[in-house]
Amino acid sequence: MPVLKTLLLTTLGSFLALDKVDVMGENARKQLNSVVFFVFSPAIVGSNLAKTITLESIVLMWFMPINILCTFIIGSVLAWILIKVTRAPRHLKGLVLGCCAAGNLGNLPLIIIPAICREKNSPFGDPEICHKYGMTYVSLSMATGVVYFWTYIYNIVRVSSSKINNEEFISSKTYSNQEAPLLCEKTDGIDKISVLQKTIRCLKAIPRKLNLKALFAPSTTAAIVGLTIGMVPRIHNLMIGDAAPLHVVEDSASLLGDATIPTVTLIVGGNLLRGLKGSSAVPLSLIAGIIAIRHLFMPLLGIVIVKAAVNAGFINSDPLYQFVLLLQYALPPAMNIGTLTQLFGAGESECSIVLFWAYALASVSLTLWTTFFMWLVA
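Reading the values: the criteria
- Residue positions within a chain follow its written sequence, with the count starting from 1.
- Residue-level local features of this predicted model are given only where pLDDT is at least 70; pairs of side-chain atoms are given and counted only at 80 or more, and the full residue set underlies all totals for whole chains, interfaces and linings.
- Working from all heavy atoms in the structure, the side-chain values ignore hydrogens and water.
- Within this document, salt bridges are pairs made up of a side-chain nitrogen of Lys or Arg and a carboxyl oxygen of Asp or Glu, the two lying within 4 Å of each other.
- Secondary structure elements are defined from DSSP: runs of H or I of at least 4 residues count as helices, runs of E of at least 2 residues count as strands, and each element is numbered from the N terminus.
- A residue's pLDDT is simply how confident the predictor is in it, with values from 0 to 100.
- Throughout, a residue-residue contact means that at least one pair of heavy atoms, one from each residue, lies within 4.5 Å.
- Cysteine sulfur atoms are paired as a disulfide whenever they fall within 2.5 Å.
- Accessible area is worked out with a 1.4 Å probe on protein chains only. A residue is then buried under 20% of its type maximum, exposed over 50%, and partly exposed in between.
- Counting of polar contacts relies on pairs of N or O atoms within 3.5 Å, with two restrictions inside protein: one atom must be capable of donating a hydrogen and the other of accepting it, and residues adjacent in sequence are counted only when both atoms are side-chain atoms.
- Using only the protein atoms, space was sampled on a 1 Å grid; points where a 1.4 Å probe fits but cannot get out form cavities, open sets with protein on both sides within 12 Å along at least five of seven lines form pockets, and lining residues are those with an atom within 4 Å of a point.
- Grid points are joined across faces, edges and corners, and a volume is the space filled by probe spheres set on the points.
- Here the nonpolar group is Ala, Val, Leu, Ile, Met, Phe, Trp, Tyr, Cys and Pro; Asp, Glu, Lys and Arg are the charged ones; every other residue, Gly included, is treated as polar.

Trainee: How do you make sense of the pattern of salt bridges when you look at a structure like this?
Mentor: As a working rule, side chains carrying opposite charge can pair if their charged atoms are close by. Inspection of the entire model under this criterion finds two salt bridges. We note a salt bridge from Glu26 to Lys30, for which the minimum N-O separation is 3.6 Å. With Glu26 and Lys30 both in helix H2 (residues 26–52) and four residues apart, this pair spans about one turn of that helix.

Structure (structure tokens):
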């Protein structure tokens, strides 16, 4: 049901993006992407962490950030193998790495966990207790995923798109030797630039290469703020709870955050329409490879890793906690991949096609995996 809800919202987004309707045209989607990036995503991350995370819960759930890091590393390795085997086009390498490495750690768990807790025959006990602890697990999962996504995947897509844009720019314009920009490179002849000047130029280039602004994206900053509020009792009591003097700030952030999931899903639906209309096509081998990695190989490897961690005593005996850890390996690609491709103007059409097939098949694979995971931990 959670996956079907996502598909219904995606269909609505595609309908609103039709030329005859033109409610969510290309310009509208780009503006919404900016709002999601700067407002909605930080709001949902910060507010959920502030409400549910405490210092004690962080200590108990120390393995979760490591588990999510494993999903990114394993996905990246499998994506690299897929790129080599299929000889993926250069402009799609960042997209393939992003889709294989980053799962939907935000939208779907926020829908799936409450839905499972409300079920009458849920294996996780009392619905209220299940919902309380489940949202704590999901919040940390979402925050950790956001930090990894905007520091790792963001820079992969950014670098990939910038290389393509630079190649296109260089091929369209011939530089003279005097006009060609130099940055710490060697010349064949006598170098007229002094060593001091070269050193200064290299030092000035370091901040641009590190891209600290990208490293501390709005969602990453919001995660830090949310963790600080949750783990510092005085600040927590000041902002969280109906009796807190500044609870209106947290309520406002939660209100903004509630708009994240439907907005991102509608944008993906609108981008999907463009992808189906686009002339460029994604090789079938790439689509099949990404789907196999996300829906088959990742969950199987996740079972091995989580079970090994349980046997080693790294994970507590809470079946709901183990279920969330397993779920992190079985999720389809993150929807924010579509946001990135639209922000950088690289692979928008191809991303839409990949996400369409990934989420269409997720309605079957995710249902089967969650059922198996519940049996496994119960």
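Trainee: Just to check I follow, could you spell out the confidence of the model for the chain for this structure?
Mentor: Note that predicted coordinates carrying low pLDDT should not be read in detail. Per-residue confidence for the chain averages 79 on the pLDDT scale, and 82% of its residues sit at or above 70. Segment residues 168–172: pLDDT under 50, and two contacts once partners within four positions in sequence are set aside and those in other chains are kept. Scored below 50 in pLDDT, residues 174–187 makes 14 contacts in the model with residues more than four places away or belonging to other chains.

Trainee: Would you take a moment to explain the state of the cysteines for this structure?
Mentor: By definition, a disulfide links the sulfur atoms of two cysteines through a covalent bond. Within the structure shown, the criterion is met by one disulfide. A disulfide bridge connects Cys117 with Cys130, and the sulfur atoms are separated by 1.9 Å. Residues Cys117 and Cys130 are joined through a disulfide that is left-handed, its torsion about the S-S bond being -65 degrees. Within this pair, whereas Cys117 is found in helix H6 (residues 107–118), its partner Cys130 is found in helix H7 (residues 127–172), the two being separated by 13 residues in sequence. Given the relative accessible area of 1%, Cys117 is considered buried. With no disulfide of its own, Cys351 lies closest to Cys99 among cysteine sulfurs, the gap being 5.3 Å. For Cys351, a relative accessible area of 1% corresponds to the buried category.

Trainee: Is there a simple way to think about the side chain of Ser47 in this case?
Mentor: Here Ser47 lies in helix H2. One polar contact links the side chain of Ser47 to the main-chain carbonyl oxygen of Ile44, over a distance of 3.4 Å.

Trainee: Explain empty space enclosed by the protein here, please?
Mentor: Gaps between atoms show up when a probe of the same size as a water molecule is rolled over them. All told, the structure shown has three cavities of 30 Å³ or more when counted by the stated rule. Listing elements by their share of the lining of the largest cavity, those giving two or more residues are H2, H7 and helix H13 (260–277). When residues in the lining of the largest cavity are grouped by element, the largest group, four residues, is from H7. Here the lining of the largest cavity is built from residues that sort into twelve nonpolar, eight polar and no charged.

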